[in-house]
Each structure stands twice: as C-alpha cells, then as structure tokens.
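Examining the three-dimensional arrangement
Now for the letters of each chain:
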Amino acid sequence: MRLLFEMDRKDYCQCTHSFIRNSARSIVIKNQKAAMIHSLKYGYYKFPGGGIEDGENPLDAMIRETREEAGLVVLPGTVKEYGYVHRIQKSDRDARECFVQDNYYYLCKAEENVVPQTLDDYEAEENYILEYVAPKFAIRQNRQVIQGPDNQMMLEREARVLELLIAEGLFE
C-alpha cells in the first residue's frame with residue numbers, strides 16, 4: 001500500500017519505549033459526498049474505522065469498524081487499497097512513550113441499508129453519527145475545531161486525506 005504522507009511531531013526524543021496502534025478506515029463516496037463519522041459533541045469529522053485488533057488484518061478491521069461506527073456494511077468485492085498515513089509522536093498518556101500508528105485507508109462501496117451502530121463508550125459519549133458530507137465542508141470544520149479529542153493530529157490527518165482525494169479527482 002502506498003504511503004500518502006507522514007505526520008511526525010518529532011517530540012519523542014525522551015521516549016524509552018513505543019506503543020503501536022494501527023487502524024483501518026473506509027472511504028465511501030456517494031453523490032460526491034464522503035461517508036464520515038460526525039462527533040456531535042465536538043463538531044469534527046472522521047472516516048469510519050478504528051483500531052486493528054491483535055491477529056486481525058487491516059481489511060477485516062476496516063469492514064468490522066465501519067459497520068460498528070457507521071452502520072455501513074462494506075461490499076467486500078468493491079474494496080480497493082487507497083494508501084496509509086504514518087503518524088509518530090510522544091504519547092499523550094505517558095511522557096516516556098512514543099505513539100506510532102499506521103492508518104490504512106480503503107476505497108469501497110457499502111450496502112444501501114444502514115444497520116444499527118455498535119459504539120464503544122467514548123464513541124457514544126462523543127455522540128458519533130454517520131453523515132454524508134461535502135469534503136471541503138469537513139476539511140473546514142476539522143480545522144476550526146478548537147475543543148475536541150485529546151489529539152488534534154487526527155483531525156488534520158482526515159483533512160489532509162480529504163484534500164488528496166479531491167486533488168486526485170475522486171470528487172468533482
């Protein structure tokens with residue numbers, strides 16, 4: 001899978017160990033809008049997806065997480081690798097820990113019918129809902145959020161992936 005870009009804060013020189021937590025995300029485009037998770041609590045947008053569990057491959061994680069977070073059932077035969085973002089920074093939980101994450105993105109289609117979400121406690125607290133949103137609107141929103149998740153890099157990551165999708169002609 002191709003590297004889309006790196007996000008490296010270079011703030012981890014004092015770290016003694018690393019924590020690796022990779023994720024997989026879906027890119028579902030319908031009527032020139034992207035299927036995104038909208039946090040009603042903070043106002044940001046992110047692609048459906050989440051952490052890859054031990055022993056799970058990224059594709060299976062993307063399908064599972066997209067269903068859980070968004071209620072979208074991915075059509076496996078439509079999945080195409082898009083690329084990944086490599087992120088590295090000091091952990092926000094432990095000053096001695098370096099957080100490393102590869103975020104894998106897949107272009108895909110989903111069934112028309114949406115199933116009920118299965119949200120984790122923090123996802124429910126942030127009031128996650130599925131929205132089809134114009135990419136430029138989501139980019140603006142993510143860059144205007146001043147209060148939100150502990151790590152603002154996630155919001156910028158999603159904005160930059162949307163900008164790449166636009167630049168590569170996936171949105172008119």
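In what follows, the structure referred to is the one given above.
Right, let's walk through the structure included here.

So, how was this worked out
- Residues numbered from 1 in each chain as written.
- Predicted model: local features only at pLDDT ≥ 70, side-chain atom pairs only at ≥ 80, totals over all residues.
- Heavy atoms only, no water.
- Helix = DSSP H or I, 4+ residues; strand = E, 2+ residues; numbered from the N terminus.
- Expected span 1.5 Å × (residues − 1).
- Buried < 20%, exposed > 50% of the residue type's maximum accessible area, 1.4 Å probe, protein only.
- Salt bridge = Lys/Arg side-chain N within 4 Å of Asp/Glu carboxyl O.
- Phe/Tyr/Trp six-rings, centres within 6.5 Å; stacked < 30°, edge-to-face > 60°.
- Lys NZ or Arg CZ within 6 Å of the ring centre and 35° of its normal.

An ideal rise of 1.5 Å per residue puts 21 Å on 15 residues; helix α4 (residues 153-167) measures up with 21 Å between its terminal C-alpha atoms. Those residues of α4 not exposed but buried are Met153, Met154, Leu155, Arg157, Glu158, Ala159, Val161, Leu162 and Leu165. Immediately downstream of α4, the backbone of Gly169 shows phi near 80°, a positive value.

Within the structure shown, the criterion is met by 13 salt bridges. Of the charged contacts in the structure, one is a salt bridge between Lys41 and Glu125, with a shortest N-O distance of 2.9 Å. Taken together, the residues span a long stretch of sequence, with Lys41 in the loop between β4 (33-39) and β5 (45-46) and Glu125 in helix α2 (residues 121-125) at a distance of 84 residues. Salt-bridge contacts for Arg64 lead to Glu56; the nearest nitrogen and oxygen are separated by 2.8 Å. Across this residue pair, the class does not change: Arg64 and Glu56 are buried. Connected via shared salt-bridge partners are Glu53, Glu56, Arg64, Glu65 and Glu68.

With that settled, the discussion passes to the packing of aromatic side chains. As enumerated under the stated definition, the model contains 5 aromatic pairs in all. An angle of 40° between the planes, with centres 5.8 Å apart, marks the rings of Tyr84 and Tyr104 as tilted. Of the two residues, Tyr84 sits in strand β7 (residues 80-90) while Tyr104 sits in strand β8 (residues 97-108), which places them 20 residues apart along the sequence. Centroid distance Tyr122 to Tyr128: 6.4 Å. Interplanar angle 80°. Geometry classified as edge-to-face. With a relative accessible area of 47%, Tyr122 lands in the partly exposed category. Residue Tyr128 is classed as buried on the basis of its relative accessible area, which comes to 3%. The ring of Tyr82 carries the charged tip of Arg2 above its face, separated from the ring centre by 4.8 Å. Between Arg160 and the ring centre of Phe5, over which it is positioned, the NZ or CZ distance is 3.9 Å.

What follows covers the environment of Cys13. Checked against the element boundaries, Cys13 lands in the loop between β1 (3-8) and β2 (17-20). The class for Cys13 is exposed, based on a relative accessible area of 67%.

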